[in-house]
Amino acid sequence: MRPAPLPSCSTILQPMRRIASLVLSSFFALGLAWSGPLQAAPATPAKPAALKLRLLQTSDLHMNLLNYDYYQDRETDDYGLAKTITLIQRARAEAPNHLLFDNGDLLQGNPLGDLVARIQPLRKGDTHPAYKVLNLLGVDAANVGNHEFNYGLPFLRQALAGASFPYVSANVMERGAQGQVRHAFTPFVLLKRQFKDEAGRMQTLKIGVIGFVPPQIMQWDRRHLQGRVEARDIVETARALVPRMRAQGADLVVALAHSGFEKTEQGHLAENTVAELTRVPGIDALLFGHAHAEFPSAQFAGYPGVDLVQGRIHGVPAAMPGRWGDHLAVVDLELQRQGRRWAVRHSRAELRPIMDRASRRALVKADPMVAHVIAREHADTLQALRASVAHSEVAIHSYFSQVQPSLAVDLVARAQLAYLERAVQGTALEGLPLLSAAAPFKAGGRQGWNFYTDIPPGPLAAKHVADLYLYPNQIKVLKLTGAELREWLEMSAGQFRRIDPAGPAEQELLDDDFRAYNFDMIAGLSYEIDLSQPARYTTEGLRTPAQGHRIVQLRYQGQAVDAQAEFLVVTNSYRANGGGNFPGLGPARIVVDAPDENRQSVAQYLASTAEFKPSRSSDWRIRPVPGVKLRFVSGAGGIAHLAQTPSIKLVETRPDGSALYELVE
Ligand code: MN
Ligand code: MG
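Only a predicted model underlies this, so the values are computations on that prediction, with no experimental measurement involved.

Would you mind showing me how to read the overall build of the protein chain here?
Summing up its helical and strand segments, the protein chain has 17 helices and 39 strands in all. Taken over C-alpha atoms, the radius of gyration comes to 28 Å for the protein chain, in line with the 26 Å a tight globule of 665 residues would show. Principal-axis analysis of the C-alpha atoms places the extent of the protein chain at approximately 95 × 50 × 50 Å. Split into buried and exposed, the 665 residues of the protein chain put 58% on the buried side. Sequence-distant contacts in the protein chain: of pairs separated by 6 or more residues, those separated by 24 or more amount to 75%. Taken as a whole, the protein chain presents about 27,200 Å² of accessible surface, with 51% of it coming from carbon and sulfur. Mean positive and mean negative side-chain charge positions of the protein chain (71 and 66 charges, respectively) differ by 7 Å.

Would you mind going over the pattern of salt bridges with me for this structure?
For side chains bearing opposite charge, pairing can occur when the charged atoms are close. All told, the structure shown has 36 salt bridges when counted by the stated rule. Notably, a salt bridge pairs Asp73 with Arg386, separated by 2.7 Å at the nearest N-O pair. Taken as a pair, Asp73 in the loop between strand E2 (68-69) and strand E3 (74-75) and Arg386 in helix H12 (residues 375-386) lie far apart in primary sequence, 313 residues in all. Note on Arg386: relative accessible area 48%, which makes it partly exposed. Put simply, Arg414 and Asp410 hold a salt bridge, and the shortest N to O gap is 3.4 Å. Highlighted residues: Arg414 and Asp410, both in helix H13 (residues 407-424), separated by four residues, approximately one helical turn. We classify Arg414 as buried; its relative accessible area is 15%. Residues joined by salt bridges that share partners form a network here, namely Arg54, Glu94, Asp332, Glu350 and Arg352.

When you look at the sheet that holds strand E19 (residues 341-353) in this model, what are you seeing that I'm missing?
Strands in a sheet are paired, the pairing made by backbone hydrogen bonds, and the direction either parallel or antiparallel. Pairing within the open sheet is mixed, and its six strands lie in the order E6-E5-E4-E1-E18-E19. Edge positions in the sheet fall to strand E6 (167-168) and E19, since each of these pairs with one other strand and no more. Sheet topology places strand E1 (residues 50-58) next to strand E4 (residues 98-102); five bridges connect them, and they run parallel. Across the sheet, residue Arg54 finds its bridge partner in E4, namely His98.

Sorry, what's going on with unusual backbone geometry here?
Of all residues except glycine, most have a negative phi; of all peptide bonds, most are trans. Cis geometry marks the peptide bond from Phe295 to Pro296, where omega comes out at 0°. For Pro296, the location among the structural elements is in the loop between strand E14 (294-295) and strand E15 (306-307). Backbone geometry at Met63 places phi at a positive 65°, although glycine is not the residue there. A residue is classified by how much of its surface remains accessible, and Met63, at 0% relative accessible area, is buried. At His314, a position not held by glycine, the phi torsion is positive, near 50°. Within the fold, His314 resides in the loop between strand E16 (312-313) and strand E17 (316-321).

What should I look at first to understand H12 in this one?
One turn of an α-helix holds 3.6 residues; hence residues three or four places apart share an orientation. Taking 1.5 Å per residue as the helical rise, H12 with its 12 residues ought to reach 16 Å, and the 17 Å between its terminal C-alpha atoms agrees with that figure. Taken as a whole, H12 has its buried residues at Glu377, His378, Asp380, Thr381, Leu382 and Leu385. Elements that come into contact with the buried residues of H12 comprise E2, helix H4 (111-119), helix H5 (129-137), helix H11 (368-373) and strand E26 (458-461).

Teacher, can you tell me more about the packing of aromatic side chains here?
How two aromatic rings sit relative to each other is set out by the distance from centre to centre and by the angle between their planes. With the rule as written, the count across this model stands at 24 aromatic pairs. Ring geometry for Phe261 and Phe288: centres 6.4 Å apart, planes at 85°, overall edge-to-face. With Phe261 in the loop between strand E12 (252-257) and helix H10 (274-277) and Phe288 in strand E13 (residues 285-288), this residue pair connects regions lying 27 residues apart in the sequence. As far as the burial class goes, Phe261 and Phe288 line up, both buried. Arranged with centres 5.1 Å apart and planes meeting at 75°, the rings of Phe400 and Tyr661 form a pair that is edge-to-face.

So what exactly am I meant to see when it comes to the coordination of the magnesium ion (ligand 2) here?
The expected angle between donors at a tetrahedral four-coordinate metal is 109.5 degrees. At an octahedral six-coordinate metal it is 90 or 180 degrees. Taken together, the protein donors to the magnesium ion (ligand 2) comprise Asp105 (OD), Asn146 (OD1), His258 (NE2) and His290 (ND1), at separations of 2.1 to 2.2 Å. Sequence positions of the residues that donate to the magnesium ion (ligand 2) give the spacing D-x40-N-x111-H-x31-H. Distance-wise, the manganese ion (ligand 1) is placed 3.3 Å from the magnesium ion (ligand 2), both being coordinated by Asp105. In this pair, Asp105 sits in the loop between E4 and H4 while His290 sits in the loop between E13 and E14, placing the two residues 185 residues apart along the sequence. Each member of the pair, Asp105 together with His290, is buried.

Explain the confidence of the model for the protein chain here, please?
Interpretation of the predicted coordinates at a detailed level should be avoided for regions scoring low in pLDDT. The predicted model of the protein chain averages 90 in pLDDT, with 92% of residues at 70 or higher. Scored below 50 in pLDDT, residues 1-39 shows 60 contacts in the model against residues more than four places distant or in partner chains.

Explain the coordination of the manganese ion (ligand 1) here, please?
The protein atoms that coordinate the manganese ion (ligand 1) are Asp60 (OD), His62 (NE2), Asp105 (OD) and His292 (NE2), at distances spanning 2.1 to 2.3 Å. Donor residues for the manganese ion (ligand 1) sit on one chain with the sequence pattern D-x1-H-x42-D-x186-H.

Help me understand the environment of Pro154 in this model?
Tracing the chain through its elements places Pro154 in helix H6 (residues 153-160). With a relative accessible area of 67%, Pro154 lands in the exposed category. Linking Pro154 and His224, residues 70 residues apart in sequence, is a C-alpha distance of 9.5 Å.

Explain the pairing of strand E10 (residues 202-212) to me, please; I cannot follow it from the model alone.
Regular strands show a simple pattern: their side chains alternate between the two faces of the sheet. Of all 11 residues that make up E10, eight are buried, and the element is covered over most of its length. Relative to E10, strand E9 (residues 188-196) runs antiparallel, the two being bridged by nine bridges. The residue of E10 that forms the bridge with Lys196 is Met202. Taking the residues that link successive antiparallel strands as the turn, the E9-E10 hairpin has five residues, and the phi of Gly200 there is positive, at about 85°.

Mind showing me how you'd approach the side chain of Thr453 here?
With respect to the secondary-structure elements, Thr453 resides in the loop between strand E24 (434-438) and strand E25 (454-455). Owing to a relative accessible area of 3%, Thr453 belongs among the buried residues under this scheme. Of note is the side chain of Thr453, whose polar atom sits 3.1 Å from the backbone oxygen of Asp467. Once you skip the residues sitting within four places of it in the chain, Thr453 turns out to touch Ile396, His397, Ser398, Tyr399, Ala408, Lys442, Asp467 and Leu468.

Honestly, the packing of H4 against H12 in this entry has me stumped. Any pointers?
When two helices pack together, their arrangement is given by the angle between the helix axes and the distance between those axes. Where H4 meets H12, the closest approach of the two axes is 9 Å, and the angle between their N-to-C directions is 90°. By the criterion of interaxial angle, the relationship of H4 to H12 is roughly perpendicular. In contact with Pro111, Leu112, Leu115, Val116 and Ile119 of H4, H12 contributes Glu377, His378, Asp380, Thr381, Ala384 and Leu385. Of the residues belonging to the contact of H4 with H12, the class tally is seven nonpolar, two polar and two charged.

Here is what the cut-offs are and how they apply
- Residues numbered from 1 in each chain as written.
- Chains lettered and ligands numbered in written order.
- Predicted model: local features only at pLDDT ≥ 70, side-chain atom pairs only at ≥ 80, totals over all residues.
- Heavy atoms only, no water.
- Helix = DSSP H or I, 4+ residues; strand = E, 2+ residues; numbered from the N terminus.
- Rg over C-alpha atoms; globule rule 2.2 N^0.38 Å.
- Buried < 20%, exposed > 50% of the residue type's maximum accessible area, 1.4 Å probe, protein only.
- Contact = heavy atoms within 4.5 Å.
- Areas by Shrake-Rupley, 256 points an atom, 1.4 Å probe, with all protein chains shown as cover.
- Lys, Arg positive; Asp, Glu negative; His and termini not counted.
- Charge placed at Lys NZ, Arg CZ, Asp CG, Glu CD.
- Salt bridge = Lys/Arg side-chain N within 4 Å of Asp/Glu carboxyl O.
- Pairing = 2+ DSSP bridges.
- Expected span 1.5 Å × (residues − 1).
- Phe/Tyr/Trp six-rings, centres within 6.5 Å; stacked < 30°, edge-to-face > 60°.
- Donors = N, O, S within 2.8 Å, 3.2 Å for Na, K, Ca; no water.
- pLDDT = per-residue confidence, 0-100.
- Polar contact = N/O pair within 3.5 Å; in protein donor to acceptor, adjacent residues only side chain to side chain.
- Axes fitted to C-alpha atoms, helices over the stretch in contact; angles between N-to-C directions.
- Parallel < 35°, antiparallel > 145°, perpendicular 65-115°, else oblique.
- Nonpolar A, V, L, I, M, F, W, Y, C, P; charged D, E, K, R; others polar.

Written as structure tokens, this is what we have:
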């Protein structure tokens, strides 16, 4: 591709770039921002000037610079900035006056990000691959996201030094040498730009750009940030600084909020503040992200103050472009000058997708610039991924994961547990018993009889992580009582049909309507499942009239679980937020709201485990029913593993690629 034309004030961006990395006070930073060579504005015309300005935004790219799925080791049409760039260049060609912003969560999130942060760390003077791409693309300003802090402050500052455009973050403070509190990053910039108005005259505008990050960075990256920086409330910061931007001459204020949009009123130090930010006077456009959702879209129908047609929240033009470059946010503003002020007369915000979701058809080709510019880093990442990270002496498969403990599920549970142990260290939660919930993700059925994890003995490569953990869920930790744990497992046990001890000699175990990913087992507990009892819950999570329990012999460290005792259970965001309708689970029970993906905990766990061996951390079994043969259907691929599985025997194979198996003592 042809690199985008350099911004008209590129000469003043050079000093900006240096000072952004030096961390100066806003006052000094802004002083420099104004000091470039400026052309005199034309004389004020008689008719009020009108001007169209297009704001473009990417957010939450998470290092998906290429349209490449590093876990599956193949190109993808689903995401990647290389595709979004094609949309950006089209949008630029349609509108001569345009600005491009990135809203953060750029530097972390895939193996390429890990490569340059950890495996082959950037050396002095190296440019981070994200900035090799974004510098060429021509970004006007960018915001720091919460994930930017994941690799620590020294790495972040080193990486940001490679950006040839200014970074803003207004609500993170640090202490200077004299103990004075100051901004840890440039809080806002005024970009001086020349645009052609509707009458063809050049107009000089100062575009104020301010950035915000969730104050929860102090929890999520405590080990990197505690004692070094302090995060302030987003809305309070905006109320204090937006008027200052206006006073310093901003004609227009664009807020880059790495913060989501909640339906209900949010309190002090809230994570998702977009609704409140739209009510801060002086913000002309709100570009937001963090939640990986899409605004405007039907997802936000019924939220207070939204106009999904024009893309506004409480009248303020607003957009959030999904994640990983799957959408470009386009916010068109029509400005009119009133005296010495520019005001937004009309606006329209929309998202442009890279793929048609319904037909799964790609809408754009990847721009070749990215592959060209980061060819070496991409190749090094692939080499690292294809290399083995651990070794397993046994096969890791999921063919029998619905009826007995499986290594494929157990490995995830153990990885999450290792994450939880680190997460609670030194916190008030330390000392509570730690448990880990995991479920079979690849378990045939309606996804097909080949849909299983089946990793042969030998090297475990990083790409196997995706096979073990399909979903980009985040880690969440719940605090629950022993009684609540039992009900969680009762809900899981709804996967099974009731077995009638006096019924037929051969009975089927699995209820086909139950989704395998809702069959949570809880590692750290031991228990038996008594299927002579009816299920206590329907698949919708409604209590049945059943009086008895299916979960029996529930023990923690050999002792019967006390109904009142408290436990920490690490799980995923889907379950913690109420997915699967599990009784008693929901966001109110979350005590550690971690931003990291469960998948990352698996990757870290494998990387720290040279030799992977089967273990006993999953300790549950279906209680035998005397006189009844317990049977289940799974993929025929499981037959190859029967020699290592004395507890299961083959009954028959079937033409559809499945097989009927029987559980034996
Ligand atoms: Mn993100
Ligand atoms: Mg984020």
